[in-house]
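# A look at the structure
Take a look at the letters that make up each chain.
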Amino acid sequence: MPELGSVAWPPAPISTERLVLREPEARDRAAFVELLSSPEVHTYLGGPRPRDECERALPETPYRRPGLFVIELSGTMIGMIELKPHGTSGSGHARRDVGETEIGYLFLPRAWGRGYAAEACAAALGWFAGALPGEPVVLCTQTANDRSMRLAAKLGFTEVQRFEAWDAEQWMGVWSPVTPSG
């Protein structure tokens, strides 16, 4: 991701109509283990990690780093969003000229189908556009992941490439913040 420069991390929690996006805390550890070891969550991500491995490897306060938000509903973690340098997830076939930052997200299955992903991703993208005006963001997903493809369209990502990786067709879209002309 481009340097955050003078942008403070973590930012103040971001509140939406139903959700709060915030920095991870120790109380989120069990939900992180569940996210990382869930077969449903990892259907299009190469499969889950073994639960015992996650329990051993995950620190007490999981993954505190710039760009990572916990998504909280009524005081409980239901997912995460990360804005990270594009290409760090090993998608070596993906274009590098469409943006330096990639958005990724994981939600617990009990939170699926309620619009939380769209609400949280829109808030994270809004924060990013304010923190780094004019910087595009990319999203990569398998074309077979219907939910993620619909979310990308709803958020305004425009297809720039399809490619084969991990024995499946991948889709890459780019999102550029609208800047007022004046």
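Now for a description of the structure that goes with this document. (Residues numbered from 1 in each chain as written. Predicted model: local features only at pLDDT ≥ 70, side-chain atom pairs only at ≥ 80, totals over all residues. Heavy atoms only, no water.)

### Observations concerning the environment of Gly115
- Tracing the backbone shows Gly115 in the loop between β5 (101–107) and α3 (116–131).
- On the accessibility criterion, Gly115 (35% relative accessible area) is partly exposed.
- The sequence separation of Gly115 and Leu151 amounts to 36 residues, and the corresponding C-alpha distance is 9.2 Å. (Helix = DSSP H or I, 4+ residues; strand = E, 2+ residues; numbered from the N terminus. Buried < 20%, exposed > 50% of the residue type's maximum accessible area, 1.4 Å probe, protein only.)

### Observations concerning the sheet that holds strand β7 (residues 158–165)
- Strand order across the open sheet formed by eight strands is β1-β2-β3-β4-β5-β6-β8-β7, with mixed pairing between neighbours. Each having just a single partner strand, β1 (14–15) and β7 make up the two edges of the open sheet.
- Across the sheet, helix α4 (residues 146–155) is in contact with β5, β6 (137–142), β7 and β8 (168–175); its angle to β6 comes to roughly 155°. (Pairing = 2+ DSSP bridges. Contact = heavy atoms within 4.5 Å. Axes fitted to C-alpha atoms, helices over the stretch in contact; angles between N-to-C directions.)

### Focus: the pattern of salt bridges
- Inspection of the entire model under this criterion finds 13 salt bridges.
- For Arg64, the salt bridge identified is with Glu23, shortest N-O distance 2.9 Å. Here Arg64 is found in the loop between α2 (51–57) and β3 (68–73), whereas its partner Glu23 is found in the loop between β2 (19–22) and α1 (29–37), with 41 residues between them in sequence.
- A relative accessible area of 48% means that Arg64 is categorised as partly exposed. (Salt bridge = Lys/Arg side-chain N within 4 Å of Asp/Glu carboxyl O.)

### A closer look at the pairing of strand β4 (residues 76–85)
- Of all 10 residues in β4, seven are buried; the element is thus mostly enclosed.
- Pairing geometry for β3 and β4, over six bridges, is antiparallel. Across the sheet, residue Glu72 finds its bridge partner in β4, namely Met77.
- Where β3 folds back on β4, the antiparallel hairpin that results is connected by two residues, among which Ser74 adopts a positive phi of roughly 50°.

### Considering α4
- Those residues of α4 not exposed but buried are Ser148, Met149, Leu151, Ala152 and Leu155. The buried side chains of α4 occupy one side of the element, clustering within an arc of 160° when seen end-on. Exposed and oriented more than 90 degrees from the buried face of α4 are Arg150, Ala153 and Lys154.
- Buried residues in α4 make contact with β5, α3, β6, β7 and β8.
- Trailing α4 by a residue or two, Gly156 shows a phi angle of about 95°, which is positive. (Arc of directions from axis to C-beta.)

### Examining unusual backbone geometry
- The backbone of Ser74 shows a phi angle near 50°, a positive value even though the residue is not glycine.
- Relative to the elements of secondary structure, Ser74 occurs in the loop between β3 and β4.

### Observations regarding the pairing of β5
- By the criterion of burial, β5 is predominantly enclosed, with seven of the seven residues buried.
- Side chains Thr101, Ile103, Tyr105 and Phe107 of β5 all project onto a buried face; the interleaved residues Glu102, Gly104 and Leu106 project onto the opposite face, where all are buried too.
- Pairing between β4 and β5: seven bridges, direction antiparallel. Bridge assignment links Glu82 to a residue of β5, and that residue is Gly104.
- The pairing of β5 with β6 spans two bridges and is parallel. Across the sheet, residue Glu102 finds its bridge partner in β6, namely Val138.

### Some details on the packing of aromatic side chains
- Throughout the structure, instances matching the rule amount to one aromatic pair.
- Both rings, one in Phe69 and one in Trp127, keep their centres 5.4 Å apart while their planes meet at 80°; by these two values the pair is edge-to-face. Linking Phe69 in strand β3 with Trp127 in helix α3, this pair joins segments that are 58 residues apart in sequence.
- Taking the relative accessible area as the measure of exposure, Phe69 reaches 1% and is therefore buried. (Phe/Tyr/Trp six-rings, centres within 6.5 Å; stacked < 30°, edge-to-face > 60°.)

### Comments concerning the packing of α3 against α4
- Direction vectors running N to C along α3 and α4 enclose 45°, while the axes themselves pass 10 Å from each other. With respect to their mutual orientation, α3 and α4 come out oblique. Regarding α3 and α4, the two cross each other, and that crossing is right-handed. Judged by residue contacts, Ala117, Ala118, Cys121, Ala122 and Leu125 of α3 engage Leu151, Lys154 and Leu155 from α4. (Parallel < 35°, antiparallel > 145°, perpendicular 65-115°, else oblique. Left-handed = near helix turned anticlockwise from the far one by under 90°.)

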